[in-house]
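Coordinate inspection notes
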Amino acid sequence: SETSDQLAAFFQSGIYRFSNCAVSVVFMDPVRVLNRSYSRFRVSPSTYYSRFFSSNLAADFAHRETELSSSSKKRKRKEKKPPLLNEREQAADQRHQLARPLLLKAHECLIGASELLGILRSLSCDSSSMAERRKPTVVETEPSFVELGKVWQAPLYEIALKFPRSCRSNENEGDIVDQCCDPGLVPVFNNLVVNETGDEVEAEFLSRKYVIPLESCFYMSDLGKIQNLIPADSGSGFNLILIDPPWENASAHQKLMYPTLPNRYFLSLPIKKLVHSDGALVGLWVTNWERLRNFVLEELFPSWGVTYAASLFWLKVKADGSLTSDLDLFHHRPYECLLLAYCNTKSGMGGTMEDQVVISIPGDYSRKPPVGELLQKYVPGVGPPRCIELFAREMMAGWASWGNEPLHFQDSHYFLLN
Ligand code: SAM
C-alpha cells in the first residue's frame, strides 16, 4: 500500500514525504539522515534524542513546568495591565501570522499520518539487541575544543587519523595492540583535516575517539582564521553554504553551551569569496527575534551580496507528535527558520523556490536537523555540489565543516558500532 511504501522509504532515507499535503512539508529523522554518512558506525538514537525521550524527559517536564508557571505568573501580571505590543513586537507578530497557516497545515499533515505517528516513539531506540551496542565510552568530561583552541599550545595539538592502509601486528609487546591502521598525525587546530577516502575513518585526540565521515574535511579555528577557507580560484568554491551563527541573543541556557558573538562580526564572513563561480545557495539559521531579522535582511545579506529567496521552517515536535510549545507562545515558538538566499547565480535560479517545512523531534540544545540534502535541488552549478557548513558542530559525508568545535558531535560516544 502507499502508506507502507512511504514508511519503508522513511526507514531507508530518514525523510517522510506526506502524500495529499498541499504544502511542501517533510518529517525528518535526523539520525537516519546522518547515518547515510557512515557504514561501520551509526549515530546512537538514544544519545541524539536524549532531550525529548528517556531519562531527561522528567527534567524537561520540570523545566517546562517552571516555565509555564512563571509565564502564567507573567500572564497574570499582564492581565492586570494588558500589554501593548511595541512596533517591533507587532512586526514579529505579523511575521508569525504569515507563517502560521503553513505551519498549521504542516502539523495537520503529521497528525493525519497515523502510521508515522505510530512509530515516532521508537525513533529513539538504539536497537532491539543490546549486544549490538558499542561499549559505552566512560563519559569523562569531553575536551572543550573551544577552550583548547585558545591556549598558546593550540598549534601543538595533533589528531591521529587511522587510515586503513597497512595491517601490522605488534607481537613483540606483551599486550595486544590494535594496529590495523596507519595513524597519520596532523595538527587539529587551524589546519584542514581531510578524509579523502570512501570510508569513515577513526581518529584519536586526547585519548578520545572520533568518527570522520567519508570524503569530508574540517577546519577547526576561531572566526579570525576563516580567511584560510577561501579557495585559490572560485572554480573550487562552494555551491551550498549552511550557516548557524552563534547569535548573541540566544537564551541564557544556550549561552552556557557555546560562546556567542555580536552581530556585526558576521558582516565580516567572506561569503562572496567562498562562493563557487557557478553561484551558491546560502542557508542562514535565524532566531525569531525581530531585531535580528531586520539586521539580516537589511544589512547582512546586502553586505554578503546574497538575495533572499525563501524560508525553510523547522517545526519541532515531541515524541507524541505534539508541538514542543504552543504555536502562539510569543517568546517560545516551536519553530525556527532557515533563510535561503542566492549568491552570484546565473539567470534561471532564484525565483522558483517556495517556503517549506521540516518537522522533527529536536536533538541536543541548538542542534539543527541536517537539511542539506533537502536543499540539493535548489543548489546552482553543474557538477556535484560542493557543500560547507559554517559554525558547524558536526560533519557529514561529502561536506566541509568549519567552526571552533566541528568535531563536537563526532565523538564516538554519540555512535554505535554496526
Ligand atoms: N549548527 C550547529 C548544530 O546544529 O549543532 C550549532 C552551531 S551553534 C549555533 C554556533 C557555533 O559557533 C558553536 O559551536 C560555537 O562554539 C561556535 N562559535 C562561537 N564563537 C565562535 C568563533 N569566534 N569562531 C568560530 N566558531 C565560533
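To start, this report covers the structure provided alongside it. Here the structure is a predicted model, which is why all the values come from computation and not from measurement. (Residues numbered from 1 in each chain as written. Predicted model: local features only at pLDDT ≥ 70, side-chain atom pairs only at ≥ 80, totals over all residues. Heavy atoms only, no water.)

We now examine the sheet that holds strand S11 (residues 280-286). With respect to topology, eleven strands assemble into an open sheet ordered S1-S2-S14-S12-S13-S11-S10-S15-S16-S9-S6, the strand pairing being mixed. Of all the strands in the sheet, the pair left with one neighbour each is strand S1 (15-17) and strand S6 (192-195). For this sheet, the mean inter-axis angle between neighbouring strands, taken without regard to orientation, is 20°. Here S6 pairs with strand S9 (residues 216-220) via four bridges, running antiparallel. (Pairing = 2+ DSSP bridges. Helix = DSSP H or I, 4+ residues; strand = E, 2+ residues; numbered from the N terminus. Axes fitted to C-alpha atoms, helices over the stretch in contact; angles between N-to-C directions.)

Attention now moves to the state of the cysteines. Linking two cysteines covalently via their sulfur atoms produces the bond known as a disulfide. Here the structure, examined in full by the defined rule, presents one disulfide. Looking at the unpaired Cys343, the closest cysteine sulfur is the one in Cys387, lying at 15 Å. Judged by relative accessible area, which is 0%, Cys343 ranks as buried. (Disulfide = S-S within 2.5 Å. Buried < 20%, exposed > 50% of the residue type's maximum accessible area, 1.4 Å probe, protein only.)

Around the ligand sit 20 residues, and of these Asp222, Asp244, Arg393, Asn404 and Glu405 come closest. In the model, an oxygen atom of the ligand is placed 2.8 Å from a nitrogen or oxygen of the Lys368 main chain. With respect to the ligand, the side chain of Arg393 contributes an N or O atom lying 2.7 Å from an oxygen atom. In the complex, 97% of the free accessible area of the ligand, which totals 600 Å², lies under the protein chains. Grouping the amino acids of the shell around the ligand by side-chain chemistry returns ten nonpolar, three polar and seven charged. (Near = heavy atom within 4 Å. Polar contact = N/O pair within 3.5 Å; in protein donor to acceptor, adjacent residues only side chain to side chain. Areas by Shrake-Rupley, 256 points an atom, 1.4 Å probe, with all protein chains shown as cover. Nonpolar A, V, L, I, M, F, W, Y, C, P; charged D, E, K, R; others polar.)

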